Amino acid sequence: DLFAITTLISTVALSKMLSLASASTLSLAPAALMRAPAVRTAAPVMESKAELESLAGKLNPVIGYWDPLNLADYDQWSQGQEAAIGFLRHAEIKHGRVAMAAFVGYIVQSNGICWPWALTGGPNGVMHSDILAAGGPADQWDALPTASKLQILLFVGGLELWSENSYVLGLSGEKHYMRGGNPGYFPTFS
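Residues numbered from 1 in each chain as written. Predicted model: local features only at pLDDT ≥ 70, side-chain atom pairs only at ≥ 80, totals over all residues. Heavy atoms only, no water.

Caption draft 1: Structural view of the overall build of the protein. Helix and strand counts for the protein come out as eight helices and zero strands. Taken from N to C terminus, the helices and strands of the protein fall in the order α-α-α-α-α-α-α-α. The buried share among the 190 residues of the protein stands at 17%. In the protein, the share of contacts with a sequence separation of at least 24, taken over all contacts with a separation of at least 6, comes to 45%. Total accessible area computed for the protein in this model is approximately 14,000 Å², and 68% of it derives from carbon and sulfur atoms. (Helix = DSSP H or I, 4+ residues; strand = E, 2+ residues; numbered from the N terminus. Buried < 20%, exposed > 50% of the residue type's maximum accessible area, 1.4 Å probe, protein only. Contact = heavy atoms within 4.5 Å. Areas by Shrake-Rupley, 256 points an atom, 1.4 Å probe, with all protein chains shown as cover.)

Below, the structure is given as structure tokens:
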């Protein structure tokens, strides 16, 4: 009977764990990713130097506002202080994301991880392992065929054009980050 009690307790515990896990499992389902884009309900906010000083004091009262390069007064292409602040915030977010992706890519390449299939086709096709054998990540970039480098640069350029397009941003209910939009926002592809 001890076996029956242990089995019953295990079954109850397992069913509770599964009921808790089902919510997290369903959140990863592809259907959960397909949702209507959120429409902005509040008006866009352009940040001024005074708002940055206030925000800095709230976020870190020890240091407070510190702008040794006087970037808050920077006027990007005579668009105004608020547009320049939006530009600089967006650039910081974007470059931070690129740096994180580059770090992960560098670690993956440095540890000898590569795709098992061919990079290019044809009788003299280049395998990913051939590129990996070139050495470190910088040497691997040099070993890439020119067409592959161009493909990477064109893909990144396409993402950049997509994210800067005011019409595309408008479809997502956003504005350009220099016109009151959310810095760091990337529009959806749907």
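Caption draft 2: A look at the side chain of H128. Tracing the backbone through its elements, the reader meets H128 in helix α5 (residues 128-132). Under the relative-accessibility criterion, H128 is labelled buried at 16%.

Caption draft 3: Region of interest: unusual backbone geometry. One non-glycine residue with positive phi stands out, namely N70, at about 60 degrees. Along the polypeptide, N70 turns up in the loop between α3 (49-59) and α4 (81-110). Note on N70: relative accessible area 40%, which makes it partly exposed. A positive phi angle is found at S78, which is not glycine, with a value near 55 degrees. Secondary-structure assignment places S78 in the loop between α3 and α4. Judged by relative accessible area, which is 65%, S78 ranks as exposed.

Caption draft 4: View of a nonpolar patch on the surface. Nonpolar side chains collect at one region of the surface, where F103, V104, Y106, I107, V108 and I113 lie side by side and expose about 580 Å² of accessible area between them. Examined against the element boundaries, V108 turns out to sit in helix α4. (Patch = residues over 30% accessible without salt bridge, like charges linked within 9 Å, V, L, I, M, F, W, Y side chains within 5 Å. Salt bridge = Lys/Arg side-chain N within 4 Å of Asp/Glu carboxyl O.)

Caption draft 5: Focus on empty space enclosed by the protein. Scanning all chains against the criterion turns up one cavity of 30 Å³ or more. Its boundaries defined by the atoms lining it, the largest cavity holds a volume of some 50 Å³. Taken together, H90, S163, L169, K175, H176, Y177, N182 and Y185 make up the full set of residues lining the largest cavity. Here the lining of the largest cavity is built from residues that sort into three nonpolar, four polar and one charged. (1 Å grid on protein atoms, 1.4 Å probe; cavity = no way out; pocket = protein on both sides within 12 Å on 5 of 7 lines; lining within 4 Å. Points joined across faces, edges and corners; volume = space filled by probe spheres on them. Nonpolar A, V, L, I, M, F, W, Y, C, P; charged D, E, K, R; others polar.)

Caption draft 6: Molecular detail of helix α7 (residues 146-164). Under the 1.5 Å per step criterion, the end-to-end length of α7 is 27 Å for 19 residues, consistent within 8% with the ideal 27 Å. The complete set of buried residues in α7 reads S148, K149 and S163. Seen end-on, α7 carries its buried residues on one side only, within an arc spanning 110 degrees. Of the residues in α7, the exposed ones pointing more than 90 degrees away from the buried face are T146, A147, Q151, L154 and L161. Those residues of α7 that are buried lie in contact with α6 (137-143) and α8 (166-171). (Expected span 1.5 Å × (residues − 1). Arc of directions from axis to C-beta.)

Caption draft 7: Main features of the packing of aromatic side chains. Overall, the coordinates contain four aromatic pairs when judged by the stated rule. Both rings, one in W77 and one in F87, keep their centres 5.9 Å apart while their planes meet at 70 degrees; by these two values the pair is edge-to-face. Here W77 is found in the loop between α3 and α4, whereas its partner F87 is found in helix α4, with ten residues between them in sequence. According to the relative accessible area criterion, F87 is partly exposed, its value standing at 21%. Here the aromatic cluster, defined as three or more aromatic residues joined through ring pairs, consists of W162, F186 and F189. (Phe/Tyr/Trp six-rings, centres within 6.5 Å; stacked < 30°, edge-to-face > 60°.)

Caption draft 8: Structural context of the pattern of salt bridges. Scanning the model with the defined rule gives four salt bridges in all. Its salt-bridge partner being E47, residue R89 comes within 2.6 Å of it at the nearest N-O pair. Here R89, found in helix α4, pairs with E47, found in the loop between α2 (30-33) and α3; they are 42 residues apart in sequence, far enough to count as distant. Residues E164 and K94 are paired through a salt bridge, measuring 3.9 Å at the closest nitrogen-oxygen approach.

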